[in-house]
Amino acid sequence: MSAHASSASRSEQDEKLPITETPVRRMVREFMASPLAVSGLVVLSVLSLLAIFGPFIVPQNPYDLMQLDIMDSQLEPGAQSVAGMTYWLGTDDQGRDMLSGIIYGLRTSLGVGVISALVAALIGTSIGIYAAYAGGRTENLIMRVIDLQLSFPTILVALMILAFMGRGVMNVILALIIVEWSTYARTARGVALVERRKEYIEAAESLVIPRWRVLFKHLLPNCLPPLIVIATVQVGRSITLEATLSFLGLGVPITEPSLGLLISNGYQYMLSGKYWISLYPGIMLLVIIVAINLVGDQLRDVVNPRRQA
Amino acid sequence: MTTWLAQRLVQSVFVVLVMTAIVFVGVNVIGDPVSILISPDANQQERARIVAEFGLDQPLWSQYLSFLKGTLQGNFGNSFVYGMPALQVILSRMPATMELAIAAILLSVLIGVPLGLYAGLRPHSFFAKFMMAGSILGFSVPLFWLALILIMFFSVYLGWLPASGRGQTVDFLGIGWSFFTWDGLSHLCLPVLTLSIFKISLIMRMVRAGVREVLPQEYIKFARAKGLSRQRLLYVHVLKNIMIPVVTIIGLEFGSLIAFSVVTESIFSWPGMGKLIIDSINVLDRPMIVAYLMIIVFIFVTINLIVDILYTTLDPRVRLSRD
């Protein structure tokens with residue numbers, strides 16, 4: 001929406017600007033043109049800092065039993081604890097401060113989402129670029145596997161993998177990697193097929209450079225922009241998927257709850273009107289995903305090569 | 001066309017075969033089913049009898065062959081929990097899931113297409129902009145949390161709609177349907193709304209993009225110049241041309257609705273396949289998991305095949321290139 005509104009003024013700017021602007025600078029400038037996307041990025045940065053430095057700023061360590069008091073369980077937001085502390089977002093059934101619980105949950109959710117998306121990107125991109133470069137039967141076989149996997153919904157595939165392996169943080173990350181690599185591989189192959197016909201690859205090949213070097217030093221960097229867009233959106237998808245699986249009781253264990261598990265814990269108290277145990281972790285989840293999607297949407301517009309033409 | 005169809009069918013059968021192998025290997029990685037089947041204080045003879053009864057003492061490959069044979073006959077063994085053929089249990093739950101999925105698709109199309117048309121025809125109106133911004137929210141909100149919020153608002157706070165179960169059902173063709181009673185319909189509301197929000201956003205965005213693409217085309221200008229009525233222009237010339245991607249997406253999204261029934265059915269205690277599989281996974285009811293997976297594979301392969309055929313029939317360009 002905002003991208004549409006600003007595209008006219010952008011093309012005018014393009015003519016006035018000096019030709020020396022680098023592609024990266026152009027992308028940064030175009031990204032900054034959307035206030036929505038920038039605010040998404042700001043929110044994401046703040047939440048990431050919160051996740052990284054969480055243990056130092058939380059009012060209470062929710063997993064240190066010494067700091068908990070069962071008398072404080074299911075308190076409403078803003079209530080005072082027995083010890084005199086204020087629970088701004090209330091407490092859960094164990095008497096844990098929801099605010100602290102959410103910050104810890106954020107750590108697990110963001111951590112699982114980012115790690116799985118990055119590893120899946122690494123594996124998927126390598127396979128996709130290799131497929132495009134190898135061609136022939138290898139490419140065909142890889143594409144068949146990708147098609148096969150993409151024809152089933154990710155949630156079912158992940159659900160089954162976790163049903164086979166049991167719950168656990170590493171298992172969730174592994175399941176997410178298995179369901180996500182194919183998206184990267186398909187895109188990477190598509191981009192690489194276009195890039196490999198270009199002259200710089202021919203030039204690199206005619207110098208006697210080893211094949212892996214042509215692949216990773218010359219081909220890969222030029223395939224990256226669309227893959228970065230996908231990776232951004234995929235982090236959001238990973239977080240949602242992890243939350244859903246944890247909600248269903250197949251994701252992370254109770255000892256390392258993510259936002260999804262926090263929501264699941266509060267679910268049984270919701271029908272008796274104790275809304276805060278599920279509501280606030282859910283709002284946090286929604287804020288992260290909306291922020292990621294806003295950033296991803298704008299990145300897609302900025303990177304899209306069709307718009308540059 | 002016939003050759004293409006034959007090739008496509010062979011391909012589908014091959015996919016099903018590959019999936020049987022993957023499912024079988026996967027399921028056998030799960031912990032030993034003997035331990036959950038038999039009480040800890042059962043004696044050795046009793047153990048051996050049950051192990052032999054379920055064929056768990058055979059080597060893996062021979063278990064696979066008998067599994068493949070069973071799959072072809074639709075026999076996945078008896079459910080450990082229900083003591084009935086697994087396929088029968090799942091098929092008896094399938095209508096409930098289908099009812100939910102079909103109702104959700106209907107609602108998404110009925111709301112999504114008009115909204116998309118409006119947003120495409122008047123892209124700068126406040127309402128269109130509001131809906132487009134709202135659709136980002138619709139894309140982002142996790143399904144299970146949306147379900148909780150809806151329950152919280154409509155069931156707990158307002159007390160208007162029931163939060164669980166199917167309500168009163170009416171038998172039609174030997175199967176119970178919630179669709180035909182007011183009580184059943186009120187039970188359908190929340191789960192269907194939950195499933196629809198994402199699809200409405202998706203269909204709305206696709207239709208809007210389609211309208212924006214079709215409107216500047218020459219044939220629309222020509223139809224306008226011919227003096228066709230606005231109605232005819234809209235419903236025949238615009239709508240027909242944007243329907244191809246929409247039909248494709250409806251087909252594919254139908255599959256995802258069946259997949260996400262796992263989530264909605266668990267939350268709303270809707271007695272369908274999705275709730276059944278979650279319960280089965282929790283107690284490691286192996287025949288049930290396997291039967292569910294094979295039915296899902298079959299459903300998805302069929303949906304993909306139908307979408308491909310529809311796509312080919314609807315779009316003359318694809319049809320000609322495949323002849």
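Here we summarise the structure given alongside this text. (Residues numbered from 1 in each chain as written. Chains lettered and ligands numbered in written order. Predicted model: local features only at pLDDT ≥ 70, side-chain atom pairs only at ≥ 80, totals over all residues. Heavy atoms only, no water.)

## Here we look at the environment of Ala175(A)
Residue and element names in this part refer to chain A.
Then, in step 1: Its place among the elements puts alanine 175 in helix α7 (residues 169–195).
Then, in step 2: Measuring from C-alpha to C-alpha, the distance between alanine 175 and serine 151 comes to 17 Å, with 24 residues separating the pair along the chain.
Then, in step 3: Ignoring sequence-local partners within four residues, the contact set of alanine 175 consists of Ala158, Ile161 and Leu162. (Helix = DSSP H or I, 4+ residues; strand = E, 2+ residues; numbered from the N terminus. Contact = heavy atoms within 4.5 Å.)

## Looking at the pattern of salt bridges
All names here are of chain A.
Then, in step 1: By the definition in use, this model includes six salt bridges over all chains.
Then, in step 2: Close ionic contact of glutamate 139 with arginine 189 constitutes a salt bridge, the shortest N to O distance being 2.7 Å. In this pair, glutamate 139 sits in helix α5 (residues 136–150) while arginine 189 sits in helix α7, placing the two residues 50 residues apart along the sequence.
Then, in step 3: Relative accessible area serves as the criterion here: at 13%, glutamate 139 is assigned to the buried category. (Salt bridge = Lys/Arg side-chain N within 4 Å of Asp/Glu carboxyl O. Buried < 20%, exposed > 50% of the residue type's maximum accessible area, 1.4 Å probe, protein only.)

## Some thoughts on unusual backbone geometry
Residue and element names in this part refer to chain B.
Then, in step 1: With a phi close to 45°, serine 269 is a non-glycine residue in the positive phi region.
Then, in step 2: Within the fold, serine 269 resides in the loop between α10 (230–268) and α11 (273–282).
Then, in step 3: Residue class for serine 269 comes out partly exposed when judged on its relative accessible area of 33%.

## Topic: the interface of chain B and chain A
Then, in step 1: Residue-level contacts link 42 residues of chain B with 36 residues of chain A.
Then, in step 2: Taken together, both faces of the contact between chain B and chain A bury some 3,300 Å²; the carbon and sulfur share is 84%.
Then, in step 3: Per-residue buried area on chain B facing chain A is highest for Phe144(B), Trp145(B) and Leu148(B); these three make up 19% of the total on that side.
Then, in step 4: At the boundary of chain B with chain A, the tally comes to zero salt bridges.
Then, in step 5: The interface formed by chain B and chain A contains three residue pairs in polar contact (both at pLDDT 80 or more).
Then, in step 6: Elements represented by at least two residues in the side of chain B that touches chain A include exactly α1 (2–29), α6 (126–140), α7 (143–157), α10, α11 and α12 (286–314) of chain B.
Then, in step 7: Split into classes, the residues belonging to the side of chain B that touches chain A amount to 34 nonpolar, six polar and two charged. (Buried area = accessible area lost by both parts, 1.4 Å probe. Polar contact = N/O pair within 3.5 Å; in protein donor to acceptor, adjacent residues only side chain to side chain. Nonpolar A, V, L, I, M, F, W, Y, C, P; charged D, E, K, R; others polar.)

## Observations regarding helix α9 (residues 211–247) of chain A
Three or four residues apart is the spacing at which side chains of an α-helix point the same way, because the helix has 3.6 residues per turn.
All names here are of chain A.
Then, in step 1: When the terminal C-alpha atoms of α9 are compared, their 46 Å separation across 37 residues is substantially less than the 54 Å that a helix rising 1.5 Å per residue should span.
Then, in step 2: Taking the largest bend as the criterion, α9 deviates by roughly 50°, centred on leucine 220, and proline proline 221 comes between one and four positions later.
Then, in step 3: Within two residues after α9, glycine 249 carries a phi angle of roughly 85°, on the positive side. (Expected span 1.5 Å × (residues − 1). Bend = angle between axes of the 7 residues up to and from the residue.)

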